[in-house]
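# Residue-level structure breakdown
Below, each chain spelled out in residue letters.
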Amino acid sequence: MPKKLIKRFMPDHAKVREHRHLQIFGDLLHDPNLFHLNRRSASGAFAVGLFMAFVPLPTQMLFAAAAAIIFRVNLPLSVALVWLTNPVTIPPMFYGAYRLGAWILGSNAADVPSEFTMEWLVEGIGMIWEPLLLGCAILGSASALLGYFTIRLLWRLHLIQHIKERKRRRALRDKKI
């Protein structure tokens, strides 16, 4: 993985520790493993961040930070990956999760109104919460597993490529001598 590129976009450790919303974690933020960037911490951060992106609550970032601290994976990367769900991607992601959950439960998907209102949401939440949560859990788990193993694989392939390149450079250097 392009470790230097990722590190360039990472926030400063001190800024993260001083962030007002993360103060509830206290001294737990001083664990150096939360800011290391290696194969284990990056792949774990992808799993945490991608899973938490499918949590249908407005506090996803706080949950991602808590999970990163519990699993001792890269905190900034975990929290940043939650932004996969943003105002543009939330409707199709959660609607797809709802449809998947409704299909698995064998229930009919509720008709989508032509315009969303708070009245429809309050009335419809009783019908949609089970399929939505089931779909979010399934898609969150699947994306977390896929992200975890993809990052592990890409990191390993990059490392193998780096080792081969180093051997090639050594062989060229030895030839010249």
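Here the structure is shown first, and the text comes after it.
First things first, this report covers the structure right here in the doc. As the structure is a prediction and not an experimental result, all values here were calculated from the model.

## So, the overall build of the protein chain
- When its secondary structure is counted, the protein chain shows seven helices and zero strands.
- Listing every helix and strand of the protein chain by position from the N terminus yields α-α-α-α-α-α-α.
- Looking at the 177 residues of the protein chain, the share that counts as buried comes to 33%.
- When the accessible surface of the protein chain is split by element, carbon and sulfur atoms take 65% of a total near 12,000 Å².

## Here we look at the packing of helix α3 (residues 39-53) against helix α4 (residues 60-71)
- Orientation of α3 relative to α4, taken along the N-to-C sense of each, is 145 degrees, at an axis distance of 9 Å. Judged by the sense of rotation from one axis to the other, the crossing of α3 with α4 is right-handed. Together, Arg 40, Val 48, Met 52 and Ala 53 of α3 and Gln 60, Phe 63, Ala 64, Ala 67, Ala 68 and Phe 71 of α4 make up the contact between the two elements.

## Some remarks on the side chain of Ser 143
- With respect to the element layout, Ser 143 can be found in helix α7 (residues 118-176).
- Residues within four places of Ser 143 in sequence aside, it is in contact with Leu 50, Phe 51 and Phe 54.

## Concerning a nonpolar patch on the surface
- Together, Leu 153, Leu 154, Leu 157 and Ile 160 make up an exposed nonpolar region whose accessible area comes to about 350 Å².
- Along the polypeptide, Ile 160 turns up in helix α7.
- Ile 160 gets classed as partly exposed once you look at its relative accessible area, which sits at 37%.

## Topic: the pattern of salt bridges
- Here the structure, examined in full by the defined rule, presents two salt bridges.
- Note that Arg 168 and Glu 165 form a salt bridge whose closest N and O atoms lie 2.5 Å from each other. Taken as a pair, Arg 168 and Glu 165 lie in helix α7 at a separation of three residues, close to a single helical turn.
- For Glu 165, a relative accessible area of 26% gives the class partly exposed.
- For Glu 165, the salt bridge is made with Arg 169, and the minimal N-O distance between the two is 3.9 Å.

## Some details on the environment of Trp 129
- When you line up the elements, Trp 129 lands in helix α7.
- Note on Trp 129: relative accessible area 42%, which makes it partly exposed.
- Considering only alpha carbons, one finds Trp 129 and Ala 102, 27 residues apart in sequence, at a separation of 10.0 Å.

## Brief notes about the side chain of Gln 60
- By the secondary structure assignment, Gln 60 is in helix α4.
- On the accessibility criterion, Gln 60 (10% relative accessible area) is buried.
- A polar contact is formed between the side chain of Gln 60 and the backbone oxygen of Ala 53, at a distance of 2.9 Å.
- In contact with Gln 60, not counting residues within four places along its chain, are Met 52, Ala 53, Phe 54, Val 55, Val 82, Thr 85 and Phe 94.

## Quick word on a positive patch on the surface
- A surface patch of positive charge is lined by Lys 164, Arg 166, Lys 167, Arg 170 and Arg 173.
- Relative to the helices and strands, Lys 164 resides in helix α7.

## Some remarks on the packing of aromatic side chains
- On inspection of all chains with the given rule, the structure shows one aromatic pair.
- On the numbers, 5.1 Å between centres and 85 degrees between planes, the contact of Tyr 148 with Phe 149 is edge-to-face.
- Classification of Tyr 148 as partly exposed rests on a relative accessible area of 28%.
- By relative accessible area, Phe 149 is classed as exposed at 52%.

## Observations concerning the nonpolar core
- With 22 residues, the main nonpolar core has Leu 34, Ala 42, Val 48, Met 52, Ala 64, Leu 75 and Leu 77 as its most contacted residues.
- Put simply, the parts of the chain that give this core at least two residues each are α3, α4, α5 (75-81) and α7.
- Setting aside anything within four residues of it in sequence, one finds Ala 64 in contact with Val 48, Met 52, Ser 78, Val 79 and Val 82.
- The next biggest cluster of nonpolar side chains, apart from the first, holds six residues, and it includes Phe 94, Tyr 98, Leu 132 and Cys 136.

Rules used throughout
- Residues numbered from 1 in each chain as written.
- Predicted model: local features only at pLDDT ≥ 70, side-chain atom pairs only at ≥ 80, totals over all residues.
- Heavy atoms only, no water.
- Helix = DSSP H or I, 4+ residues; strand = E, 2+ residues; numbered from the N terminus.
- Buried < 20%, exposed > 50% of the residue type's maximum accessible area, 1.4 Å probe, protein only.
- Areas by Shrake-Rupley, 256 points an atom, 1.4 Å probe, with all protein chains shown as cover.
- Axes fitted to C-alpha atoms, helices over the stretch in contact; angles between N-to-C directions.
- Left-handed = near helix turned anticlockwise from the far one by under 90°.
- Contact = heavy atoms within 4.5 Å.
- Patch = residues over 30% accessible without salt bridge, like charges linked within 9 Å, V, L, I, M, F, W, Y side chains within 5 Å.
- Salt bridge = Lys/Arg side-chain N within 4 Å of Asp/Glu carboxyl O.
- Polar contact = N/O pair within 3.5 Å; in protein donor to acceptor, adjacent residues only side chain to side chain.
- Lys, Arg positive; Asp, Glu negative; His and termini not counted.
- Charge placed at Lys NZ, Arg CZ, Asp CG, Glu CD.
- Phe/Tyr/Trp six-rings, centres within 6.5 Å; stacked < 30°, edge-to-face > 60°.
- Core = buried A, V, L, I, M, F, W, Y, C linked by side-chain atoms within 4.5 Å.

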